[in-house]
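# Descriptive analysis of the structure
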Amino acid sequence: MIQFLLNDQTVTLHAVAPSMSVLQYLRTVLVQVGTKEGCAAGDCGACTVVLGEVLGEVWDELHPQGQQSALHSSPLHYKAVNACITPLASLHGKQLITIEHLQQGGSLHPVQQAMVDCHGSQCGFCTPGIVMSLLAWWLSVGQGTASADRHDIELALSGNLCRCTGYQPIIEAAQQTLASTDDHFRQQQADVVQQLQALQSDPMDDQGDTGSEGMQQNVQFFLPGSVSALARLLEAHPQARLVAGATDLGLEFTQQLAQPDTLIYTGRVQELTQVIDTPEQLIIGAAVTYSNAQPFLRKYFPAFADLLNRLGSLQIRNQGTLGGNVANASPIGDTPPVLLVLAAKLKLTGTQGSREIAIEDFFNGYRQTALRAGECIESIIIPKLSANTTLQVYKISKRFEDDISALCLAIWIQREPDAGGSDTESRRVQAIRIACGGMAAIPKRARATEQVLQGTLFSTADVERAKATLSQDFQPIDDVRASAAYRLAVAGNLLSRAQLELDQALAPEKLSLFSAVGAVAHD
Amino acid sequence: MTDTRFKSDAALKTDTLKGATGQSMQHESAVKHVTGAALYVDDLAEPRQLLHAAVGQSPVACGIIRTLDLSAVLAAPGVAAVLTLADIPGHIDIGPVFPGDPILADGAVKFHGQPLFAVAADTLDNARRAALLAHVEIEEAPPLLDPQEAIARNQTVRPVHTMQRGDAAAAIAKAPHVLEASLSVGGQEHYYLEGQVSMVAPTEDGGMQVWCSTQHPSEVQKLVAEVLHLPIGAVTVETRRMGGAFGGKETHAAQWACLAALLANKTRRPVKMRLPRAMDMMLTGKRHAFENRYRVGFDDSGLLLGADITVIGNCGCSPDLSDAIVDRAMFHADNAYFLPAATITGHRAFTNMVSATAFRGFGGPQGMLIIEKAMDDMARALGKDPLEVRKRNLYQGPDRNLTPYHQTVSSETLTKVIQELEISSDYWARRQQISDYNAGSPLLKKGLALTPVKFGISFTVQHLNQAGALIHVYTDGSIHLNHGGTEMGQGLNTKVAQVVAEELQVDLQHIHITATRTDKVPNTSPTAASSGADLNGQAARDAARTIRLRLAEYLVEQQGALRDSIRFANNQVQFENSSGAHCMSFAKLAEAAYMARVSLSATGYYRTPKIHYDRNTASGRPFFYYATGAAVSEVLVDTLTGEYRVLRVDILHDVGRSLNPALDKGQVEGGFIQGMGWLTTEELRWDEQGRLLTTGAATYKIPTAADIPPVFNVALMEDQPNEEATIYHSKAVGEPPFMLAISVWSALRDAISSVADYNINPPLDTPATPERVFWAIQAAQQAAATHRNGANTP
C-alpha cells in the first residue's frame, strides 16, 4: 500500500506498477493534464512537480557529534523533481504539489502572477514546470535554504528548458516573486506536517518487506526501512533492481519501455539516508541525494560541492544519489573521480554482513562493479582533508549546466609543510592522486602521471612533464561529447590550471571563467 | 503620438482604450499558461474508444525493403490495426511542394528510422511496444551522408540556382586583395517543448476532424484529404496553440496527422499519434546544415569589390521546402552589405538523412554567416577593426543600394541602428578595455563583435502572401475573432486582437479569439516567414473595417447621423444628427444594428502589394521590406579548455511601430538566445551509418537560464515606423532577431584571434562548441608562432 498527500488530500493506492511514473499517474489516471511531458527523460523539466518531505526523522539520526543540517531548520523540505522519471510508489509518505494546486480562491500564486507580469511565458508548454521550479525555490528562500541571488535563480531553473523566451523574463519574474512572502503552502505547513507524520507512522511502513503488490503476480515495489530488511529483500528477490532517485533507471522505463518485475526503493532505508559527520570522516548514506549531501560537502570539500552544481539539474540533484552514481559505474559519472582521489571507501552490506572496500577496487570494468549478488552500497566513507592537502575538481562539458562530462578531472595533493623563508625545497608533493572520468571505460586514477609528480615541487616544468605522461594513463575515445584528442589535451591543461591555482600566479578573474563571470554579474 | 503621416490611425487612438495596438498587453493565454489550464493537443479530453498510434522504423539509413512481416505486431497485446502503404486509399506522397515524401517508406529506405508502418493500440505503451515486433529485412546500401560528395556525384533534390549582378570574377581578379575560405554551418533541432502530436476522429458523414499541433492547418487538411481520397471540405483541422514550433511544424506536422487519419479510417475509431521525444528528433526535419564558401576581392580600406559565394544546403532525402530555403540563404548571402559585383550559387544536396525543413530564418542565417565571416577575415587581413570594415560595406545611398537579386534597399534604418548601437553599447571604449584586458591576461581572452541583420520580409513563394480573417459581433458587443494564423507562443492572437480592438475601438477583453480552424478561414498560408501579424493583422483589420463601415452606414441611414461626425472611440460611438450630439456604447450599437437587420459578421482578406520576382532571371522585388537590427556581444574564452561565457549583449532592433512592445521584446530576446544556441552548444551528430546520435536533451544541448548573458540590454528602435504600409507600420519580428546571435560567433572569433595579435582569424565552424573553440585557439597559437619565427628569420 502506498500513501501520500496530493496537495492536502491523502491518496491511498493498493496496486502500483513499479514502472508507473508520477507523470503517467497524473496525466492518465487522474487526468490532471497541467503537468506536461516534454522529453520523458528528466532532461527538460516540463513535468516538474514539487515534493514536500519531512526530513526531521532522518536528520535526527545524525551522529551525536555531528553537525546539524541546515535543512533541519524547516519542518517541511520542498524540492522540485521531474515527474516523468519519479516512480509513483516512491511518493510514499511525501506531499505532491502540482501546478493545479497553486491558485487559491481564483487568485494566482505570487509565482504565477510574476510570470504573467513579466511576460515569462510564450508558447506556455514549459511554463507549468517553470512555475513549479520557481515555487520550490521561492519556498526555500523563505525557509533560508536557498538564496535570492541570481546564481541561485539560475540553479533553480537549471533543469527547465524554455525554447521561446530566452529566460530573461523568467529570471525577472523570479526576482519579482521576492516581493511576496506568504502563501497557502506556508500557512498550511503545520497541518501538512501532521498529515505526513500520520502517514509515516503507518505500521505497514516500517516492516521492511511490505510494499506495493503490483497488478500482476510477482510484480512488486518494496520500500524497506532498514538495511537489514533491504538485505533480506535482495536475498529473496535476486532479480530485483534497486532504485533510489531513478534518474537513470527511470529512462529504461520511459525510453526502452522496460517493465521491471521487482524494484526495491532505497529512499526510506534509515542507514542509507543519513549523513554521519565524525572528526576524521564524512559518512554519506548511499541513498542521500546530491542536494542533501551538498551542505556537508560544502563544509569540507568545497570543490566537490561546486562540482555538484554542475551535475545534472536541480531536479536531478534532488532525486539522484551518491550511491546511485557510484553503483551505476558509468565512466562519465561525475562523483567517482572525486571519490577516487579522496580515497573514499564503500561500505557494502548484504545478508552475510558488511565489508569495506576502497572505491578504486569497486570499478572492475565498463559498468562492472565488485558488488556481489545480494549486496548493496550502504554508505560512502570519505576521509576529511588534513593539513597541507588540497582538492581541485574540473568538469568540461558542451553546456555549463545540466550536461554530462566530456571529461572530469580531480586532483588531490598532499605537500610538505611550508618551512618558511627561502627554503625552496619545502612544499614538495608528498602524495598525489589524480583521477578522471570520461577518459577510460571506468573512472580511473592516473597512476603514471601521479608518479611523475610525486616528490616534485609541482612547478610549471613538473606539470609539463606530467602532461606528457597522461597518454600512458588514458586512451580516451571519440564520441558525441568530445574527441579523444580534445579530452587528452584538455586533461593536460587542467593539470596546468591546477598548478596555476595553487601558485596563485594569476588573479582569480584571470584564471577562471566562473570568477570572471561573477565579477561581471556583480558590476 | 502625433505623427502626421498616419493621421487616419492616429485620429482613432485614445489613451483610455485597454489593449489597442502599441500597448504591452500580456499574452492572451498567459494566465492559462501559468496555471496549467492551457490545453495542448495531448491535453484535450480523449474521445471514447480512442486508439494510440506508433510507427515502426527502419533500422538502416539506405536500402531496399525485402520483407515486412507484421504478424507479430498485429498479434501484440491491445493492437487494433496496422497500417502499410497498401492500406492507403489516396495519395501516398505528402511532399508539400514537390513529390518525394512517401508517408511510409515506399520500397526504398532513405534515412535511418524512416517509418515503415504504423500501428494503433489501446494504450500508447502497447502501440510503442508492438511497433518493435515487426520482422523487417532490408537489403542495405551504403548511405550518402556528405553533402559535398553529393554535389560531386550530382545527387541533388533540386537543381542548382544562381543569382548574379555584375562580373564578380573580373572584379575579384582586379582587386588589390583576395581572400577565400569555407565554412561548415551546423543544422539545428527545433526542440519545441511540445513534440509532434495529432488526434483524429472520424465524423458522422465520412470526414475527419483533426486536432493538430501545426503551423499550417490548411496543408494538413489538404494532405489528410488526399491520403484518404476525400474532398478537402470533408476534413476539418483545428489548432488552438502549439507548445513551440519554430518552423518544425510547418510541413513536418502533417505526416503524423495523416497516419492517425488513415488508422482512424481503417478502424473507424479516433486515433491519437504523439511522437516520443527521441523519435521526434529522429523522424522530423531540422535546420539545414550548409557548406559555404566565399571568394572576395577588396581594396586597402576593406571595401568589397566583388564576391563569389557558394552555398550547399544539406537537404536530406527529399525536396520538402529546400528550394525556397536555399534560395533564402542566397537572398541573405549579402546580409547588410553592398556587393558591387556578385555571383551567388546555391546547391541542394541529397543525403540519406531525414529531410531538412523550415527553421526560424529559413536558410537566411546560414547564408548570412558566410558574408559575416568574410567581413571578419578581411578586417584581420588588413589589421582593421571588423566594425570598421562592416560599416564601410553597408548598403548606403543611391549608388550602393542594389542587392544581387536587383531589389533596391532603403538603408536609412540600417545605418541608424548601427550608429545608435555603437554609442549605446560603448563599442569603441570597450574595444580598448578588451585589448588592455587581453594584453594582461594570458589564459582568459575577451572578444567583442557588432553584427547587423537585414532580413527580407515576405514569402518568396508569392502566392503564400495572402491571408483571411473572420469576425462576428454579437448583440452584447462581444466579438469573436478568427484568422488564418496559428499561435505557437509568439503572441499572434494577442496582436491580431489588438488590431481589432483598435479598429473597432473596444477594449481587448471583449475580443475572443478561438482556435484556428480550417472551416472558419479557408486556404490559409502557414504561419511562417515572420508574416503572421503582417498578413493576418491586415486581414482582421479588413474584416473589422467592413463591420465598422456597416455600423456607420446604419447610423447614417437609420439614425440620420452626419457621416463625418461618426467617431468610434473608447468602447463608444459618437455622432451628430439633426437633434444634436449623441454617444452610444458599442454594445448598444451592435444590438441596434442587429434589430435593424445589419449583418454583424464579416470576412477580411489581404494580399501583400508590390512584390514580384522572376526566378529565371533571379531579379525583382521578392521582399515587401526588410527588418533590421544589430547586436554587440562580448565573450570570455578560456584558452586552456575552449570553454567560454557570453558576458554582455546589447541589442537594438527595428520592429517599426510596435504592435506590442512586450511581445516584440520577447521575440527579440528569445530569437537571440535560440540563435546563440545554434551557433554554440547545439550540436547534431550522426554516426557513419547515418544514425542520429543526439536524440535527446541529454546529448543535444539547447541554452539554459545560466547561459544567457548576465548583462542583456535589449531595446527596440523608437519612432521608426515602417515606411511601407504594413499593419500600423509595424515590422515582422519572428525570425530577424535570431540572426543577431551571429555577433556571439563573431566575438568568439575575435577572442580567438587575440592570441595571434589579431592578425589571424582561424576557421571556426559552427556550432562553436568548446572543443571547436579550443582547436581554433590551438591553430591561432601555432600560426602566431610560425609568424613570429618567420619574422625572425632573415
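Residues numbered from 1 in each chain as written. Chains lettered and ligands numbered in written order. Predicted model: local features only at pLDDT ≥ 70, side-chain atom pairs only at ≥ 80, totals over all residues.

## Concerning the overall build of chain B
Broken down by element type, chain B carries 20 helices and 29 strands. Radius of gyration (C-alpha) of chain B: 28 Å, near the 28 Å computed for a compact globule of 794 residues. For chain B, the spread of C-alpha atoms along the three principal axes comes to 100 × 75 × 50 Å. Within chain B, the fraction of its 794 residues that count as buried is 62%. Considering only residue pairs separated by 6 or more positions, chain B has 80% of its internal contacts joining residues 24 or more positions apart. (Helix = DSSP H or I, 4+ residues; strand = E, 2+ residues; numbered from the N terminus. Rg over C-alpha atoms; globule rule 2.2 N^0.38 Å. Buried ≥ 20, exposed ≤ 12 C-beta atoms within 10 Å, placed from the backbone. Contact = placed C-beta atoms within 7 Å.)

## Regarding the overall build of chain A
Along the backbone of chain A there are 19 helices and 20 strands. Relative to the globule expectation of 24 Å for 523 residues, the C-alpha radius of gyration of chain A, 23 Å, shows essentially globular dimensions. Principal axes of the C-alpha set define a box for chain A whose edges measure 70 × 60 × 45 Å. Taken across its 523 residues, chain A has 54% of its residues classed as buried. In chain A, of all internal contacts separated by at least 6 residues, the share reaching a separation of at least 24 is 69%.

## Notes on the interface of chain B and chain A
Taken together, the contact pairs 70 residues of chain B with 66 residues of chain A. Contributions of two or more residues to the side of chain B that touches chain A are made by helix H2 (30–35), helix H4 (124–130), helix H9 (277–283), strand E27 (625–638), strand E28 (644–653), helix H18 (661–679), strand E29 (711–716) and helix H20 (770–792) of chain B. Counting residues per element, the side of chain B that touches chain A draws most heavily on H18 of chain B, which supplies seven residues. Residues of the side of chain B that touches chain A, tallied by class, amount to 33 nonpolar, 21 polar and 16 charged. (Nonpolar A, V, L, I, M, F, W, Y, C, P; charged D, E, K, R; others polar.)

## Describing the packing of helix H3 (residues 110–117) of chain A against helix H6 (residues 168–177) of chain A
All names here are of chain A. Across the interface, H3 lies against H6 with an axial gap of 8 Å and an inter-helix angle of 135°. In terms of orientation, H3 lies oblique with respect to H6. Crossing angle aside, the handedness with which H3 passes H6 is right-handed. Where H3 abuts H6, its residues Pro 110, Val 111, Ala 114, Met 115 and Asp 117 lie against Ala 173, Gln 176 and Thr 177. Taken together, the residues of the contact of H3 with H6 break down into five nonpolar, two polar and one charged. (Axes fitted to C-alpha atoms, helices over the stretch in contact; angles between N-to-C directions. Parallel < 35°, antiparallel > 145°, perpendicular 65-115°, else oblique. Left-handed = near helix turned anticlockwise from the far one by under 90°.)

## Things to note about the sheet that holds strand E16 (residues 444–457) of chain B
All names here are of chain B. With mixed pairing, the four strands of this open sheet are ordered in space as E16-E27-E28-E29. The sheet is open, and its two borders are formed by E16 and E29, each paired with just one other strand. Taken pair by pair, the neighbouring strands of this sheet meet at an average axis angle of 15°, ignoring direction. When E27 meets E28, the two strands line up antiparallel, connected through nine bridges. Paired with Ala 631 across the two strands is Ile 651, which belongs to E28. (Pairing = 2+ DSSP bridges.)

## Digging into the pairing of strand E12 (residues 271–274) of chain B
Residues and elements named next belong to chain B. Here E12 shows two buried faces, one formed by Val 271 and Met 273 and the other by Lys 272 and Arg 274. Here strand E1 (residues 51–57) runs beside E12; their pairing, made up of three bridges, is parallel. Bridge pairing in E12 links Leu 51 to Val 271. Sheet topology places strand E9 (residues 197–202) next to E12; four bridges connect them, and they run antiparallel. Note on E12: the bridge partner recorded for Met 199 is Lys 272.

## Looking at the environment of Pro 99 of chain B
For Pro 99 of chain B, the location among the structural elements is in the loop between strand E3 (79–83) and strand E4 (108–109). Residues Pro 99 of chain B and Ser 318 of chain B, spaced 219 residues apart in sequence, show a C-alpha to C-alpha distance of 8.0 Å.

## Notes on unusual backbone geometry
Residue and element names in this part refer to chain B. Following Thr 766, the chain continues into Pro 767 via a peptide bond in cis, with omega recorded as 0°. Examined against the element boundaries, Pro 767 turns out to sit in the loop between helix H19 (742–754) and H20. One non-glycine residue, Gln 49, adopts positive backbone phi at about 65°. Take Gln 49: it is sitting in the loop between H2 and E1. With a phi angle near 60°, Ser 530 is a residue other than glycine that sits in the positive phi range. Within the secondary structure, Ser 530 is located in the loop between strand E20 (516–517) and helix H16 (532–559).

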